[in-house]
Amino acid sequence: MKQSISYITTCFIILSILFFSCKKTSVLSLDDYLNISVNGTDYNRVTDTGYLFTNQKGCVSNKMYVLEKVGQVSTSTFFFHLYINYYQNNSDFINALPGDYSVTPAYIANNAPCNLGIEVACDSVPYTTTSFWVLQNPGNTIYSVKSISPMGETSNTKLYQVIGEFSIVFKDSTNKLIPVSGKFQKTLSILK
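Residues numbered from 1 in each chain as written. Predicted model: local features only at pLDDT ≥ 70, side-chain atom pairs only at ≥ 80, totals over all residues. Heavy atoms only, no water.

## Re the overall build of the protein
For the protein, the count of helices and strands is 2 helices and 11 strands. Scanning the protein from its N terminus toward the C terminus, one meets helices and strands in the order α-β-β-β-β-β-α-β-β-β-β-β-β. Put simply, the protein has 192 residues, and 39% of those count as buried. Of the contacts made within the protein by residues no fewer than 6 positions apart, 59% connect residues no fewer than 24 positions apart. Looking at the protein as shown, the accessible area adds up to about 11200 Å², and 58% of this sits on carbon and sulfur atoms. (Helix = DSSP H or I, 4+ residues; strand = E, 2+ residues; numbered from the N terminus. Buried < 20%, exposed > 50% of the residue type's maximum accessible area, 1.4 Å probe, protein only. Contact = heavy atoms within 4.5 Å. Areas by Shrake-Rupley, 256 points an atom, 1.4 Å probe, with all protein chains shown as cover.)

See below:
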């Protein structure tokens, strides 16, 4: 009888360790990030949540979109923001594929973004009314979605992990060109 209890206790402890180890590993794989290089200097950030707007209009008039912050990098000389637009409903999003998508300036009124299009903005620090950097070739700039991976689901949503890479150029208020490249990983929560 003592051996049976000892055996059961040992099995329970081993299963508990395996369960919590696996759970911790899967949570770590969901850590989103934004890594950028500005004029050859690298900045790496684990992104936080927030800045999410649902029921947005986009380039397909009968579809609803979400605008969500991917991340931001703040330094003593600039403040960079990156946002992603995506279909709000899984029935629309499920057919999204890796490939090239649009890059547009953020905070533009009447912007009609498309699925997986990103919006970028950057300001010089200290901030003034003329400190913003202007995205060059905004109508012709694209970035690459390298992968779109299903990551699970809840009762109301499906999770997808999107990995993208971009290379863009800004012009500051002194007309200096500033190359910015980077990559990001963002987990999107799409309504079922």
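Read on for the rest.
## What to know about the pattern of salt bridges
A side chain of one charge can pair with a side chain of the opposite charge if their charged atoms are brought near each other. Applying the stated criterion across every chain, the model contains 4 salt bridges. A salt bridge links D92 to K63, with the shortest nitrogen-to-oxygen separation between them at 2.9 Å. On the criterion of sequence distance, the pair formed by D92 in helix α2 (residues 90-93) and K63 in the loop between β3 (52-56) and β4 (65-74) is long-range, its members being 29 residues apart. A residue is classified by how much of its surface remains accessible, and K63, at 23% relative accessible area, is partly exposed. Among the charged side chains, a salt-bridge network with shared partners connects E153, K158 and K192. (Salt bridge = Lys/Arg side-chain N within 4 Å of Asp/Glu carboxyl O.)

## Topic: the state of the cysteines
All chains considered together, the criterion is met by 1 disulfide. A sulfur-sulfur distance of 2.0 Å marks the disulfide that ties C59 to C114. Note on the C59 and C114 pair: the S-S dihedral is about 135°, so by sign convention the disulfide is right-handed. Of this pair, C59 sits in the loop between β3 and β4 while C114 sits in the loop between β6 (99-105) and β7 (118-124), and the two are 55 residues apart along the sequence. Classification of C59 by relative accessible area gives partly exposed; the value is 37%. Judged by its relative accessible area of 31%, C114 is partly exposed. (Disulfide = S-S within 2.5 Å.)

## As for unusual backbone geometry
Cis rather than trans, the peptide bond between V125 and P126 has omega equal to 5°. Note on placement: P126 falls in the loop between β7 and β8 (134-135). Phi is positive for N39, which is not a glycine, with a value near 50°. You can see N39 is positioned in the loop between β1 (33-38) and β2 (41-46). One non-glycine residue, L116, lies in positive phi territory at about 65°. Among the structural elements, L116 can be located in the loop between β6 and β7.

It is worth stressing that arrangement in space is one thing and function is another; only the former is reported here.
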